[in-house]
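An overview of the molecular structure
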Amino acid sequence: MKILLHVCCGPCTVYPLRKLRDQGHQVEGFFYNPNIHPYREFKRRISTLVDFAEQTRFSIEIDRNYGLTEYLRQVVFQEEKRCGICYDMRLNQAVKKAVEKGADAFSTTLLYSRYQLHELIRKKCEKLAQTFAIEFYYEDFRAGWQEGIDGSLAMGLYRQPYCGCIYSEQERYDKKLRKKYSKKIEK
């Protein structure tokens, strides 16, 4: 099967790409991530992805337009829904690209991360598959979490410490905010 794989970053692609190739699929990547902040992080993730693609002979199309303005226009004042909005932005572009390229199916490396809202991603992809009349290739790539980490380290890839958006960056580094969330979870 010819699969277009939406790619969020190089390290998160290690396991899904290996798994899909091992199953005999022809995989092409598509990087579209307007959520990534700051600009230097965006550029660094692209550079790492290019390095990964060269090391693995992975064909990938990279949208190098820094889309932070559009991302913020959609999520500001809706921060509690930001992940769903972000998934919509990225996955909608990915499925359009899959159709444009004549792929048999599409999938996403977002299904690899233990930190993403897995079931929400799955539901959004299933809906997009119906809307665009293309198959959504579903697999729970989280099973290869450690294998992907080990592989990315062995390849010397830059491993980012947060999802990519300005909000996740704050959640990662702002100790007061993390404490606040921890207290909410305890209640």
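Each remark here, short or long, concerns the structure printed above.
First things first, this report covers the structure right here in the doc.

So, helix α2 (residues 39–56)
The terminal C-alpha atoms of α2 lie 26 Å apart, and with 18 residues this matches the ideal 26 Å at 1.5 Å per residue to within 8%. Along α2, the residues that are buried comprise Glu41, Phe42, Arg45, Ile46, Thr48, Leu49, Phe52, Ala53 and Thr56. Along the axis of α2, the buried residues cluster in a sector spanning 165 degrees; they form a single face. Exposed side chains of α2 directed beyond 90 degrees from the buried face belong to Arg40 and Glu54. Once α2 finishes, Arg57 follows within two positions and takes phi at roughly 55 degrees, a positive value.

A look at the pairing of strand β2 (residues 26–31)
Each regular strand carries side chains that alternate between the two faces of the sheet. By the criterion of burial, β2 is predominantly enclosed, with 5 of the 6 residues buried. The pairing of strand β1 (residues 2–7) with β2 spans 6 bridges and is parallel. Opposite Leu4, over in β2, you have Glu28 as the bridge partner. Where the polypeptide runs from β1 across helix α1 (residues 14–22) and back to β2, its parallel neighbour, the crossover connection is right-handed.

Thresholds applied
- Residues numbered from 1 in each chain as written.
- Predicted model: local features only at pLDDT ≥ 70, side-chain atom pairs only at ≥ 80, totals over all residues.
- Heavy atoms only, no water.
- Helix = DSSP H or I, 4+ residues; strand = E, 2+ residues; numbered from the N terminus.
- Expected span 1.5 Å × (residues − 1).
- Buried < 20%, exposed > 50% of the residue type's maximum accessible area, 1.4 Å probe, protein only.
- Arc of directions from axis to C-beta.
- Pairing = 2+ DSSP bridges.
- Right-handed = clockwise from strand over helix to strand, strands pointing away.

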